[in-house]
Amino acid sequence: MKVLLLDRGYWGAAYLRDLARRHRFSYVTMARDGDLKAVADADEGLLDPTTTWHERTEEHDHFGRVHVRAAGVEGIAVGMDRRGRRTTPMNFVAAEERDAKGQSLREPDGTPRGRTHYATNLPTAKDPLSVRTLYQQRWTVENQGFRTLTQQFGLDIRAGRRFAAICARIGFV
């Protein structure tokens, strides 16, 4: 396994860091909560005048052509030690999506989507769009079989936190 793609980072930064180090793989996950302190810190890091924003146009099923701009920030401290200090460094990519008219995309209820944040141990500053591309590849898995596997085989039940359990689940899928 080279890169573990996770829907949302529910397992915790320190766990992901240790697992990735032990088994020598990278991970990419969406930051599950825009209200996390680490996400706010990443957004603050994007204010640095040396931050480079990268842009491209993507084709989306629901929104058509979408203009995407993304930037990376590295070394944001997340996770807590026993004394309540944030310790685990993580890299983030923040992506903004706009329609052909330059307007922010909107959720089905009409609210603006805002930034999407991806957390990873991969470098992000030079090519943040590559991290986004990796994360988007998980949709292929989800749309081409995961729904069937969850509905017929109950794979939406967590595999567990042990690496062997994760590998067994991947092998089954």
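Residues numbered from 1 in each chain as written. Predicted model: local features only at pLDDT ≥ 70, side-chain atom pairs only at ≥ 80, totals over all residues. Heavy atoms only, no water.

**Points about the environment of L47**
Assignment of secondary structure puts L47 in the loop between α2 (37–45) and β3 (54–60). Judged by its relative accessible area of 69%, L47 is exposed. Between the C-alpha atom of L47 and that of V73, which follows or precedes it by 26 residues, the distance is 10.0 Å. (Helix = DSSP H or I, 4+ residues; strand = E, 2+ residues; numbered from the N terminus. Buried < 20%, exposed > 50% of the residue type's maximum accessible area, 1.4 Å probe, protein only.)

**Overview of the confidence of the model for the chain**
Within the chain, residue pLDDT values average 85, and 88% of them lie at 70 or more. Across the chain, the element-wise mean pLDDT spans from 70 in helix α4 (residues 138–153) up to 94 in helix α3 (residues 128–136). (pLDDT = per-residue confidence, 0-100.)

**A closer look at α3**
Every buried residue belonging to α3 is among P128, L129, V131, R132 and Y135, and all of these are buried. Down the axis of α3, the buried set is contained in an arc of 155°. They therefore lie on one face. (Arc of directions from axis to C-beta.)

**Observations regarding the packing of aromatic side chains**
Under the counting rule described, the total for this entry stands at two aromatic pairs. Here the aromatic rings of F25 and F163 are separated by 6.1 Å at their centres, their planes lie at 15°, and the arrangement is stacked. Here F163 lies in helix α5 (residues 163–172) and F25 lies in the loop between α1 (13–23) and β2 (26–30), a separation of 138 residues in the sequence. On the basis of relative accessible area, F25 is assigned to the buried category, the value being 5%. (Phe/Tyr/Trp six-rings, centres within 6.5 Å; stacked < 30°, edge-to-face > 60°.)

**Observations concerning the nonpolar core**
Here is a general trend for soluble globular proteins: nonpolar side chains tend to be buried in one another's company. Core analysis: the largest hydrophobic core is formed by 24 residues, its most contacted members being F25, Y27, V73, I76, V78, M90 and F92. Mapped onto this core, the elements with two or more residues apiece are β1 (3–8), α1, α2, β4 (64–80) and β5 (86–98). Examining the composition of this core, we find that five residues originate from one element, α1, more than from any other. Setting aside its immediate chain neighbours within four residues, F92 contacts A31, A38, V39, A42, A71, G72, V73, I76, V78, Y118, A119 and T124. V28, V66, A95 and L129 belong to the second-largest nonpolar core, a separate cluster that totals 13 residues. (Core = buried A, V, L, I, M, F, W, Y, C linked by side-chain atoms within 4.5 Å. Contact = heavy atoms within 4.5 Å.)

**Here's the deal with the pattern of salt bridges**
One pass over the full model with this rule turns up 11 salt bridges. Close ionic contact of K37 with D41 constitutes a salt bridge, the shortest N to O distance being 2.8 Å. Residue K37 and its partner D41 are both found in helix α2; the two are separated by four residues, about one turn of the helix. For K37, a relative accessible area of 52% corresponds to the exposed category. Judged by relative accessible area, which is 15%, D41 ranks as buried. A salt bridge links E58 to R132; the shortest N-O distance between them is 2.8 Å. Pair noted here: E58 is in strand β3 and R132 is in helix α3, with a separation of 74 residues, a long-range link. Each member of the pair, E58 as well as R132, carries the same accessibility label: buried. (Salt bridge = Lys/Arg side-chain N within 4 Å of Asp/Glu carboxyl O.)

**Quick word on unusual backbone geometry**
Residues other than glycine seldom take positive phi values, yet R24 does so here, at roughly 55°. Mapped onto the elements of the fold, R24 is located in the loop between α1 and β2. Note on R24: relative accessible area 77%, which makes it exposed.

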